[in-house]
Amino acid sequence: MNLMSEDEFLQRAVSVPMQTLQWELAKRKGVDVVVRRDDLVDSNLSGNKFYKLFYNLLQAKIGGYQQVLSFGGAYSNHLYALAVAGRNFGFKTIGVIRGERPKHLSPTLQDAERWGMQLHFISRTNYREHTQHALSEMQPEYGELVKIYGDFYSIPEGGANSQGLRGAQVIGWAIQQLKAEYTAICLACGTGNTLAGVAAGIANAEVIGSEIGSEIGSKISVAEVVTETPKVIGFSVLKGDGDLGERIITQQQNLGLRGNNWRLISGYHAGGYAKKLPNVVQEFSHVLERETMLQLDPVYTLKMFYGVAQLLALNYWPRGSRLILIHTGGLQGRRGFNTAALL
Ligand SMILES: *Cc1c(COP(=O)(O)O)cnc(C)c1O
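This structure is a prediction, so every number in the text was calculated from the model and none was measured.

1. Structural notes on the overall build of the protein chain
Phase 1 of the analysis: For the protein chain, the count of helices and strands is 13 helices and 10 strands.
Phase 2 of the analysis: Among the 343 residues that make up the protein chain, the fraction classed as buried is 56%.
Phase 3 of the analysis: For the protein chain, the proportion of contacts with a sequence separation of at least 24, taken over those separated by at least 6, is 77%.
Phase 4 of the analysis: Counting every atom, the protein chain has about 15,300 Å² of accessible surface; 49% of that belongs to carbon and sulfur.

Here it is, written out as structure tokens:
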């Protein structure tokens, strides 16, 4: 596996463009809005999935695996990114997808297959059981998949494990490297893995920067988060995610992290995960896109922007505030979004 070095990975993270947004609403409220364009971190391996995959792939490489397997739906940004990573870094990828193989694959899966990903479809009931965690050798499906494909490194759906969190920390670390003041960082949450990582990354930035590990993969270590300022605000795109906050705390604790520098806002899921958007949100998206020329994906980043717009309208942030909005990517998922039944 010919993975980029950790130094290159960190370098990519600090080179991500920061775009000052020309947004009428924010101007009126006296708030500066800067978009961190993580959708541009790589041409195809875009957005937060770039970060969540890196340390997973490093683990796979250290473990001597030739193949990586993961899970997702037909429009999965994660599987798409994994397929691109497989092509770019020279390893085989297997995508396990819920449901029967459809007659017409989604554009996402067509691309994934074209890049060499093996698509493996399984029944929805079996799927649910083992996507939250990586497949373990204890599970019967593991043996079956190994029999078909040979040995593999397994990543849970969305790349949401401790290696994913370590990678997402790098976004927070990179923001701190700019040494610029800001009021809050806003981002969209699915599993909350990215939020957990970014919040830890801004709190641990100095530790991360000063550590010169000789051991591969040791640069991003973790320390205790002690700050009390809610610096990172996550907008959940899921409906009925009552325990998301607790799951984020658990994810941080599993890495020895503790902290109170983030908040979760649940009111702007706009109907739920990958559901058809209400007209008011669609209209918002057209206006925003025309005004700012920024393209957003309908499943994640648009909802975060919609939430930010509502909070701006409520004067949630005082005049003179400076917000950093993370564009977590996902634009590939725009294709066919309005015509397909997504779930
Ligand atoms: C996967 C994804 C997210 C959510 O990331 P989590 O770590 O699961 O919270 C946000 N935005 C985009 C564009 C994504 O693809």
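Let us keep going from here.
2. Section: the sheet that holds strand E10 (residues 322–326)
Phase 1 of the analysis: The strand order across the open sheet built from 6 strands is E1-E2-E10-E7-E8-E9, with neighbouring strands paired in mixed fashion. Of all the strands in the sheet, just strand E1 (18–20) and strand E9 (262–265) have a single pairing partner and so form its edges. Pairs of neighbouring strands in the sheet enclose a mean axial angle of 25°, with direction left out of account.
Phase 2 of the analysis: Where strand E7 (residues 184–189) lies against strand E8 (residues 232–236), 5 bridges are found, and the strand directions are parallel. Residue pairing in the sheet places Cys-186 in a bridge with Ile-233 of E8.

3. Brief notes about the sheet that holds strand E4 (residues 92–98)
For sheets, the rule is that strands pair by backbone hydrogen bonds, running either parallel or antiparallel.
Phase 1 of the analysis: Taken in spatial order, the 4 strands of this open sheet run E5-E4-E3-E6, and their pairing is parallel. On the outer flanks of this sheet lie strand E5 (118–122) and strand E6 (153–154), each paired with one strand and no other.
Phase 2 of the analysis: Inspection of the sheet shows strand E3 (residues 67–72) paired to E4 by 6 bridges, in the parallel sense. Along E4, the bridge assignment pairs Phe-71 with Val-96.
Phase 3 of the analysis: Here helix H4 (residues 77–89) sits on the sheet and contacts E3 and E4; the angle it forms with E3, its principal contact strand, is near 165°.

4. A look at the side chain of Asp-38
Phase 1 of the analysis: With respect to the helices and strands, the residue Asp-38 is situated in the loop between strand E2 (32–36) and helix H3 (48–62).
Phase 2 of the analysis: Among the residues examined, Asp-38 registers a relative accessible area of 1% and is labelled buried.

5. Overview of the pattern of salt bridges
Phase 1 of the analysis: Applying the stated criterion across every chain yields a total of 10 salt bridges.
Phase 2 of the analysis: Its salt-bridge partner being Arg-36, residue Asp-38 comes within 2.7 Å of it at the nearest N-O pair.
Phase 3 of the analysis: A salt bridge links Asp-111 to Arg-114, with the nearest nitrogen and oxygen atoms 2.5 Å apart. Of this pair, Asp-111 and Arg-114 both sit in helix H5 (residues 107–114), 3 residues apart, which is roughly one turn of that helix.
Phase 4 of the analysis: In the salt-bridge network here, residues are joined through shared partners; they are Glu-8, Arg-12 and Asp-42.

6. Comments concerning the site of the ligand
Phase 1 of the analysis: Inspection of the region around the ligand gives 15 residues, with Lys-49, Lys-52, Thr-191, Thr-194 and Thr-328 positioned closest.
Phase 2 of the analysis: With respect to the ligand, the side chain of Asn-77 contributes an N or O atom lying 2.7 Å from an oxygen atom.
Phase 3 of the analysis: In this structure, an oxygen atom belonging to the ligand sits 2.6 Å away from a side-chain N or O atom of Thr-191.
Phase 4 of the analysis: The fraction of the free accessible surface of the ligand (390 Å²) that becomes covered by protein chains is 98%.
Phase 5 of the analysis: Broken down by secondary-structure element, the contributors of at least two residues to the shell around the ligand are H3, E7 and helix H9 (193–203).
Phase 6 of the analysis: Top contributing element to the shell around the ligand by residue count: H3, with 3 residues.
Phase 7 of the analysis: When grouped by side-chain class, the residues that make up the shell around the ligand number 3 nonpolar, 10 polar and 2 charged.
Phase 8 of the analysis: Both domain 1 (6–43 + 161–342) and domain 2 (48–159) contribute no fewer than three residues apiece to the shell around the ligand.

What counts, and at which threshold
- Counting starts from 1 at the beginning of each chain's written sequence and moves along it residue by residue.
- Per-residue local features are limited, in this predicted model, to residues with pLDDT of at least 70; the limit for side-chain atom pairs, both in listing and counting, is 80 or more; totals at the level of whole chains, interfaces and linings are taken over all residues.
- Hydrogens and water molecules were not included; the side-chain quantities draw on all heavy atoms of the structure.
- Where helices and strands are cited, they refer to DSSP runs of H or I of at least four residues and of E of at least two residues respectively, numbered from the N terminus.
- Using a 1.4 Å probe on the protein chains alone, a residue whose accessible area is under 20% of its type maximum counts as buried, one over 50% counts as exposed, and one in between counts as partly exposed.
- In what follows, residue pairs with any heavy atoms lying within 4.5 Å of each other are defined as contacts.
- Method for areas: the Shrake-Rupley scheme with a 1.4 Å probe, in which residue coverage is limited to the protein chains shown.
- For two strands to count as paired, DSSP must find a minimum of two bridges between them.
- To obtain each axis, a line is fitted to C-alpha atoms, and for helices this fit is confined to the stretch in contact; angles are then taken between N-to-C directions over 0 to 180 degrees.
- A carboxyl oxygen of Asp or Glu within 4 Å of a side-chain nitrogen of Lys or Arg is what we treat as a salt bridge.
- Neighbouring residues are identified by heavy atoms, a residue being near a molecule or strand if any of them is within 4 Å of it.
- Polar contacts, as used here, are pairs of N or O atoms within 3.5 Å; protein pairs need one atom able to donate a hydrogen and one able to accept it. Residues neighboring in sequence count only if both atoms are side-chain atoms.
- All amino acids are sorted into three groups, where Ala, Val, Leu, Ile, Met, Phe, Trp, Tyr, Cys and Pro are nonpolar, Asp, Glu, Lys and Arg are charged, and the leftover types, Gly among them, are polar.
- The domain boundaries here were taken from an automatic or database domain assignment.

Geometric values such as these leave the question of function open.
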